[in-house]
Amino acid sequence: MLRLRQICLVAPELAKPVAQLESVLGLKTCFHDPGVEKYGLNNALLPIGNNFLEVVAPFREGTTAERYIKRRGGAGGYMVIMQCDDVEHRKHRMQQLNVRIINEIKHGSFNSIQMHPKDTGGAIMETGADERGDQPDGPWTPAGDSWEKFVQTNIVSELVAAEIQSKAPRTLAERWAEVLGIPIKIEQNDQHSLKLENATLRFTEVGDTRGEGLTALDIKTTKPNELIRRAAILGCDFDHNSVFISGIKFNLS
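Basis of the calculations
Residues numbered from 1 in each chain as written. Predicted model: local features only at pLDDT ≥ 70, side-chain atom pairs only at ≥ 80, totals over all residues. Heavy atoms only, no water. Helix = DSSP H or I, 4+ residues; strand = E, 2+ residues; numbered from the N terminus. Rg over C-alpha atoms; globule rule 2.2 N^0.38 Å. Buried < 20%, exposed > 50% of the residue type's maximum accessible area, 1.4 Å probe, protein only. Contact = heavy atoms within 4.5 Å. Areas by Shrake-Rupley, 256 points an atom, 1.4 Å probe, with all protein chains shown as cover. Lys, Arg positive; Asp, Glu negative; His and termini not counted. Charge placed at Lys NZ, Arg CZ, Asp CG, Glu CD. Pairing = 2+ DSSP bridges. Axes fitted to C-alpha atoms, helices over the stretch in contact; angles between N-to-C directions. Arc of directions from axis to C-beta. Polar contact = N/O pair within 3.5 Å; in protein donor to acceptor, adjacent residues only side chain to side chain. Disulfide = S-S within 2.5 Å. Phe/Tyr/Trp six-rings, centres within 6.5 Å; stacked < 30°, edge-to-face > 60°. 1 Å grid on protein atoms, 1.4 Å probe; cavity = no way out; pocket = protein on both sides within 12 Å on 5 of 7 lines; lining within 4 Å. Points joined across faces, edges and corners; volume = space filled by probe spheres on them. Nonpolar A, V, L, I, M, F, W, Y, C, P; charged D, E, K, R; others polar.

Colleague: Could you give an account of the overall build of the protein chain, with specific residues and numbers?
Modeller: Across its full length, the protein chain carries six helices and 14 strands. Computed over the C-alpha atoms, the radius of gyration of the protein chain is 17 Å, within 12% of the 18 Å expected from 2.2 N^0.38 for a compact globule of 253 residues. In terms of overall dimensions, the protein chain has C-alpha extents of about 50 × 45 × 40 Å along its principal axes. For the protein chain, buried positions account for 55% of its 253 residues. Within the protein chain, residue pairs in contact and separated by at least 24 positions form 65% of the contacts whose partners lie at least 6 positions apart. Only carbon and sulfur atoms are counted for the fraction: they give 48% of the accessible area of the protein chain, which is about 11,600 Å². Between the mean site of the 30 positive side-chain charges and the mean site of the 33 negative ones, the protein chain shows a separation of 2 Å.

Below is the structure:
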């Protein structure tokens with residue numbers, strides 16, 4: 001089992017991107033995790049269906065997140081976090097592939113590993129599990145113990161894909177497929193993707209000046225016109241099929 005559970009965005013400060021996600025996408029913050037403070041970060045978790053958007057922002061100098069913001073020229077995508085069924089198996093696989101684990105998180109019933117982005121490319125990859133249950137709508141410690149109460153589906157109901165851009169998207173897709181142990185799907189337009197249980201990871205050519213990284217998310221929306229109206233009011237960039245919030249393009253479907 002391997003499913004998308006959480007996407008982490010990084011921003012210079014927390015309040016503005018969280019307010020935009022809440023106002024434009026109709027989401028609601030469910031949790032602020034005090035555990036990230038040891039990394040010099042503040043965060044907010046917002047359910048999007050059974051998955052989560054996380055925003056992290058550094059509150060002190062010299063953090064990895066701050067360096068990432070400077071390297072990519074501002075806010076944007078940071079981490080792709082997946083729910084798996086066996087973290088120990090994943091750890092063993094990383095050893096076999098010579099992929100460095102930069103962080104292991106153990107908190108109560110939750111355990112996850114984060115892989116070095118220089119060994120995987122694209123973004124920080126994390127796989128984790130909560131021993132209280134592995135259902136698609138089951139417990140997820142990073143989002144707190146009552147996240148279900150905060151789910152809002154009036155505007156956006158689901159997160160269905162994440163897009164990572166690269167100068168060599170096929171090579172990057174092959175590396176992620178190797179690390180995650182899942183096959184590559186090649187579309188008719190020669191686009192390479194990986195199919196998780198509940199979402200797609202898509203690998204595309206670099207389309208801006210920011211270089212390789214997590215650049216877009218596909219969301220299912222029940223009221224696209226209302227979403228665009230809200231984006232216009234808040235001054236977010238948008239077109240008929242997408243909105244831009246905190247350095248990420250949200251494709252509407």
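Colleague: Hey, could you go over the sheet that holds strand β3 (residues 51-58) for me, with residue numbers and the actual values?
Modeller: A sheet is described by the order of its strands in space; here seven strands give the open sequence β2-β3-β1-β4-β7-β6-β5, paired in mixed fashion. In the strand order of this sheet, the two ends are held by β2 (41-48) and β5 (101-107), each with one partner. Along the sheet, successive strands turn relative to each other by an average axial angle of 20°, direction set aside. Inspection of the sheet shows strand β6 (residues 110-115) paired to strand β7 (residues 124-130) by six bridges, in the antiparallel sense. Residue pairing for β7: Ser-112 is matched across the bridge by Gly-128.

Colleague: Explain helix α3 (residues 87-96) residue by residue, including any values.
Modeller: Regarding α3, the residues found buried are Val-87, Arg-90, Lys-91 and Met-94. Looking straight down α3, one finds that the buried residues subtend no more than 100° of arc, so they occupy a single side. Exposed positions of α3 whose direction lies more than 90 degrees from the buried face are Gln-95 and Gln-96. The N-cap of α3, judged by a side-chain oxygen 3.2 Å from the amide nitrogen of Glu-88 a few residues on, is Asp-86.

Colleague: So what's going on with the pairing of β5? Which residues, and what values?
Modeller: Strand direction decides the pairing type here: β5 and β6, joined by six bridges, are antiparallel. Its bridge partner lying in β6, His-107 is registered against Phe-110. In this antiparallel pair of consecutive strands, β5 and β6, the connection spans two residues, and Gly-108 shows a positive phi of 60°.

Colleague: Quick one: what's the story with the state of the cysteines, residue by residue and with numbers?
Modeller: Working definition: the covalent bond between the sulfur atoms of two cysteines is a disulfide. All chains considered together, the criterion is met by zero disulfides. Free of any disulfide, Cys-30 has its nearest cysteine sulfur in Cys-8, 13 Å distant. Left without a disulfide partner, Cys-236 is nearest to the cysteine sulfur of Cys-8, which lies 19 Å away.

Colleague: I'd like to hear about the packing of aromatic side chains, residue by residue, with values.
Modeller: One pass over the full model with this rule turns up four aromatic pairs. Aromatic pair Phe-52 and Trp-147: ring centres 4.9 Å apart, planes at 80°, arrangement edge-to-face. One end of the pair, Phe-52, is in strand β3; the other, Trp-147, is in the loop between β7 and β8 (156-166), with 95 residues separating them in the sequence. Under the relative-accessibility criterion, Phe-52 is labelled buried at 0%. Here Tyr-68 and Tyr-78 contribute two aromatic rings whose centre-to-centre distance is 5.0 Å and whose plane-to-plane angle is 55°, an arrangement assigned as tilted. One end of the pair, Tyr-68, is in helix α2 (residues 64-72); the other, Tyr-78, is in strand β4 (residues 76-84), with ten residues separating them in the sequence. We note that Tyr-68, like Tyr-78, is buried.

Colleague: Talk me through the layout of surface pockets; I want residue IDs and the actual numbers.
Modeller: There is about 780 Å³ of room inside the largest pocket. What lines the largest pocket is a set of 37 residues, among which Val-36, Tyr-39, Asn-103, Ile-105 and Gln-114 lie closest to the centre. Only β1 (2-10), β2, β3, α2, β4, β5, β6 and β7 provide two or more residues apiece to the lining of the largest pocket. For the lining of the largest pocket, the leading source of residues is β5, giving six residues. Partitioning the lining of the largest pocket into residue classes produces 18 nonpolar, eleven polar and eight charged. For the second largest pocket, the calculated volume is near 370 Å³. As for the second largest pocket, its lining consists of 16 residues, of which Tyr-68, Arg-71, Pro-117, Lys-118 and Ile-124 are closest to the centre.

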